[in-house]
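Now for the letters of each chain:
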Amino acid sequence: MWALSAVGHRRLGAAGSLAVVGGGWFAGKLPVHDPWGLWVDHGSATKAAAAVLAYAGLTVLVVAWWQYGKTVSTVRDTLVTLAWWTAPFLLAPPLYSADVYSYIAQGSMVVEGHDVYTVGPSALDPGGIGGDAAASVGNHWRDTPAPYGPLFLLLSAAVARTTGGTIVPAVLAMRIVALASLVLIVWALRRLAREHGRGESRALWLGALNPLLLIHVVGGVHNDGLMIGLMLAGLVLALRGRWIAGSALVGLAIMVKSPAAVALLFIGVLVHASATGPQWRRRSKGLLAPGLVACAVAGGATLISGAGFGWLHTQGVAANIHTALSVTSDLGLGLGELAHLLLDVDAEPVKSAVRTLGLAAALALILVLARRAMRGGVTPAHALGLSLLALVALSPMVQPWYLLWGIAVVSATEQYGRLSAVLIVLSAALVYETHPMGATPPYGFALAGLAAVLGTLAVRRTAVVPPGVRLPGQRGPADATAGSAPAEVPAPSPQSAP
């Protein structure tokens, strides 16, 4: 039946994307002032109706993605589907976040000569370049120094200089950066899947066609996409023996957001495995060489940007914002309040201690995974994906799109199984946590919880098989495009569990 085919799911998903954007045009994170008059507030009634449309479209998109995952498609078909689902977001206002306004404001600060690592966007002249963007920045970030690296500030400054900081062209220019990041992610995912003998379409379905990525990287214009793309590209080069170039790309990724630094450890594992000579020399090269290359790149990017080395001191500013998805922050807050009630002590040190212990536990897990990778128990790339997931799970600040750091790697390195099933369910659920205007209302968490329950039941009852993965005895095309890896038989997954 046509409606149940890959083409039918493609068109259904495109309709969902159009509905998300149509609703977001009136209920998205609109600027405080748009001199072009395109993205303006039309009143609370219109905003409420538009939000309902956006949530309905999001549900259609998630269902289409889920159903597409049960078809057998070529890489070319999956890329066409990605283009269809991405296209509606191209001209949309910022969706699900106000972060892009921070990017434009920080770029404007660089142009104006402000030190973005000591003051926030509120330092900009309201009537000058970037003034409209600064007025639209979320309350948490108006007086907060930039937590991003000099490379991203260079890009933001180029956008601000080219557009004069005018809202609509500046946002669309930042979205071009997001689209370029998506292209880089697609390029790297395909090659990473080949290196690990996985189906390319399978990797693209979970790692690029993922609704979580579409709404937050393309729709929300988050710079996590650029960090992921550069990190994955560096990993691909390192797997092919070009570890110096790979480390340099990871260095650039760190100059966007610092979590990419985890990749250097696993590039070091690859360097250790390929090095010759005494064991101590191989270990020293593996531990030090990738880091030295990345440090050289980071230093060069810092000097070229002229922004200074203040980024070394602002990496933790985001941790000051409490997010309900952070298990360690929630636990620390609860224990702190309990200690205050029972022992009459300040709650903040308790909360801080729990969050620190969470990061320490994440670091310990990362080191364990690196050791396993060095001993051949797991591939370095897959260990990187697991490490990034552990880092997010135990981080003091967690946003839904942070999950994409690990998903991007795991989607191309893991045989379809229990972890993939969990990531599929989380991807389908976490898209509901955030309102199109960027808020996190209580009903968003309720919708996410409901989606998680329904997704878990569906995964256990119906095999969600990524495109390009062929089940035993199943007939149909696999990854039929040139250069694609042969389709693999998935490992047992929770669908078959009683």
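See the structure shown above.
Residues numbered from 1 in each chain as written. Predicted model: local features only at pLDDT ≥ 70, side-chain atom pairs only at ≥ 80, totals over all residues. Heavy atoms only, no water.

### Considerations on the pattern of salt bridges
- Overall, the coordinates contain six salt bridges when judged by the stated rule.
- The salt bridge involving Asp41 is made with Lys47; its shortest N-O contact spans 3.1 Å.
- Here Lys47 falls in the partly exposed class, since its relative accessible area comes to 24%.
- Asp224 serves as the salt-bridge partner of Lys257, at 3.1 Å between the closest nitrogen and oxygen. With Lys257 in the loop between α11 (243-254) and α12 (262-274) and Asp224 in helix α10 (residues 224-239), this pair connects stretches of sequence that are 33 residues apart. Taken individually, Lys257 and Asp224 each receive the classification buried, so the pair is uniform in this respect.
- Through salt bridges with shared partners, a single network forms among Arg190, Arg194 and Glu200. (Salt bridge = Lys/Arg side-chain N within 4 Å of Asp/Glu carboxyl O. Buried < 20%, exposed > 50% of the residue type's maximum accessible area, 1.4 Å probe, protein only. Helix = DSSP H or I, 4+ residues; strand = E, 2+ residues; numbered from the N terminus.)

### Concerning the nonpolar core
- Trp85 and Leu232 are the most contacted members of the largest nonpolar core, which totals 141 residues.
- In terms of residues, this core owes the most to one element, helix α7 (residues 167-195), which gives 15 residues.
- If near-sequence neighbours (up to four positions away) are discounted, Trp85 is found in contact with His9, Arg10, Gly13, Ala14, Ser17, Leu61, Ala64, Trp65, Tyr68, Leu209 and Leu214. (Core = buried A, V, L, I, M, F, W, Y, C linked by side-chain atoms within 4.5 Å. Contact = heavy atoms within 4.5 Å.)

### Regarding the packing of aromatic side chains
- One pass over the full model with this rule turns up nine aromatic pairs.
- Considering the side-chain rings of Trp25 and Trp39, the 6.3 Å spacing of their centres and the 85 degrees angle between planes classify their relative orientation as edge-to-face. Remark: Trp39 occurs in the loop between α1 (6-27) and α2 (44-68) and Trp25 occurs in helix α1; sequence separation between them is 14 residues.
- Classification of Trp39 by relative accessible area gives buried; the value is 2%.
- Seen in terms of ring centroids, Tyr55 and Tyr443 are 6.2 Å apart; in terms of plane orientation they differ by 70 degrees. Their pairing is edge-to-face. With Tyr55 in helix α2 and Tyr443 in helix α19 (residues 442-461), this residue pair connects regions lying 388 residues apart in the sequence.
- A relative accessible area of 13% places Tyr55 in the buried class.
- Members of the aromatic cluster, connected to one another through ring pairs, are Tyr103, Tyr148 and Phe152.
- The lysine or arginine in question, Arg10, covers the ring of Trp84, its NZ or CZ lying 5.9 Å from the ring centre. (Phe/Tyr/Trp six-rings, centres within 6.5 Å; stacked < 30°, edge-to-face > 60°. Lys NZ or Arg CZ within 6 Å of the ring centre and 35° of its normal.)

### Focus on the packing of helix α18 (residues 418-430) against α19
- Running from amino to carboxyl end, α18 crosses α19 at an angle of 145 degrees, the nearest separation of the two axes being 8 Å. For the pair α18 and α19, the crossing hand works out as right-handed. Two secondary-structure elements touch here, α18 through Ala421, Val425, Ala428 and Ala429 and α19 through Ala448, Ala451, Ala452, Gly455, Thr456 and Val459.
- A per-class count over the contact of α18 with α19 returns eight nonpolar, two polar and no charged. (Axes fitted to C-alpha atoms, helices over the stretch in contact; angles between N-to-C directions. Left-handed = near helix turned anticlockwise from the far one by under 90°. Nonpolar A, V, L, I, M, F, W, Y, C, P; charged D, E, K, R; others polar.)

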